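Coordinates in review
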Amino acid sequence: MLGKMREADLTKSLSDQLLEDGYLLLRSVYDPSAVNIARQEILKRLAEVGEVKNPISGAIFSGTSNRRNLHPTAEDLGKFWKSVSEGPALRAVINGPRIIGIMDQLFGSLTAHFSFAWLRAMQAGRASPMHIDHPYMNRGTDQLVTCWTPLGPVDIDEGTLYILEQSHNWSEIRNQFEGQDVDRDKSKPGHIQEAPLELVQQNNSRFLTTSFNPGDCLIFGMFTVHGSFDNNSQIGRIRLSCDTRFQPVGEPMDPRFSGVNPSAHEGLGYSCLSAALPMNETNSLR
Ligand SMILES: O=C(O)CCC(=O)C(=O)O
Ligand SMILES: [Fe+2]
């Protein structure tokens, strides 16, 4: 039930390949040393709140956290995570000219990005539930893509992202979620409730994934079913990654995720993210 993602061909139409596969796997898009600098920037901030063991470059979770003592309220935690998410070395990667160039090529026009970024520090035992992105961010243009950027190496057992093969063409998913807005339709969960294995079997699909190196990224559309595998690191290595969103310039942008103080979900800003919680409070799968 597991397949290997194929690498996109940069010399051919990226939009055709995205339509065909529902994703684009791109290797060495970013400068790997810039990714490593961003990684160290984030690890330093996590170490500042006591969440990373020394030497911090190992990215091993300490098992404890001072984050809530240092940043007691939800608002304080959100501010802390915003400051980490807006680190200059991180932004130089995720909003930098290399990925913008790829997006210009994909859209065939100049590209804009959400100011909001979904930075994730996933300790061993955690995963992201299976979902499509559409119900979370559909108040602007539908010409929107997600770019998932691992911030450092992510081996196959360290919580890689998976997509379900050909899921971008599944009408049941489209019918179920098109037009749903998680901030308006609070009674319905945004994620897919079916068991991933069952959904894969029903649709004769496969989990597609790969290991990632610094510099790689994965681009996909709003209806591609995806999630992350559990981070099964045997040494407690944190999986660091960031997801960002791009669209053609001049198209309407979802107002929740743009500007200097994006309101994000429920107006909570960065505190809407589970990553804004201390790492020792986010052990359960979510
Ligand atoms: O990194 C993860 O665990 C989830 C990422 C995701 O859902 C996305 O990039 O849209
Ligand atoms: Fe997602």
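Described in the following lines is the structure provided in the data block.

Conventions used here
- Residues numbered from 1 in each chain as written.
- Chains lettered and ligands numbered in written order.
- Predicted model: local features only at pLDDT ≥ 70, side-chain atom pairs only at ≥ 80, totals over all residues.
- Helix = DSSP H or I, 4+ residues; strand = E, 2+ residues; numbered from the N terminus.
- Buried ≥ 20, exposed ≤ 12 C-beta atoms within 10 Å, placed from the backbone.
- Expected span 1.5 Å × (residues − 1).
- Contact = placed C-beta atoms within 7 Å.
- Arc of directions from axis to C-beta.
- Pairing = 2+ DSSP bridges.

**A look at the environment of Asn-138**
By the secondary structure assignment, Asn-138 is in the loop between strand S4 (118–122) and strand S5 (145–150). Given 18 C-beta atoms within a 10 Å radius, Asn-138 is considered partly exposed. For the pair Asn-138 and Ala-92, spaced 46 residues apart in the sequence, the C-alpha separation amounts to 26 Å.

**As for helix H4 (residues 74–85)**
Taking 1.5 Å per residue as the helical rise, H4 with its 12 residues ought to reach 16 Å, and the 16 Å between its terminal C-alpha atoms agrees with that figure. Turning to H4, its buried residues are Leu-77, Phe-80, Trp-81, Lys-82, Val-84 and Ser-85. Buried residues in H4 make contact with helix H2 (32–48), helix H3 (67–70) and S4.

**A look at helix H6 (residues 97–107)**
Those residues of H6 not exposed but buried are Ile-99, Ile-102, Met-103 and Leu-106. The buried side chains of H6 occupy one side of the element, clustering within an arc of 100° when seen end-on. Away from its buried face by more than 90 degrees, H6 exposes Pro-97 and Gly-101. Two residues or fewer past H6, Gly-108 is found with a positive phi of approximately 65°.

**Quick look at the pairing of S5**
Taken across its 6 residues, S5 has 6 buried, putting it largely inside the fold. Summarising the sheet, S5 and strand S8 (residues 217–221) pair through 4 bridges and their orientation is antiparallel. Residue pairing across strands places Val-145 opposite Gly-221, the latter belonging to S8. Relative to strand S10 (residues 239–248), S5 is paired through 6 bridges, and the arrangement is antiparallel. Paired with Val-145 across the strands is Phe-246, a residue of S10.

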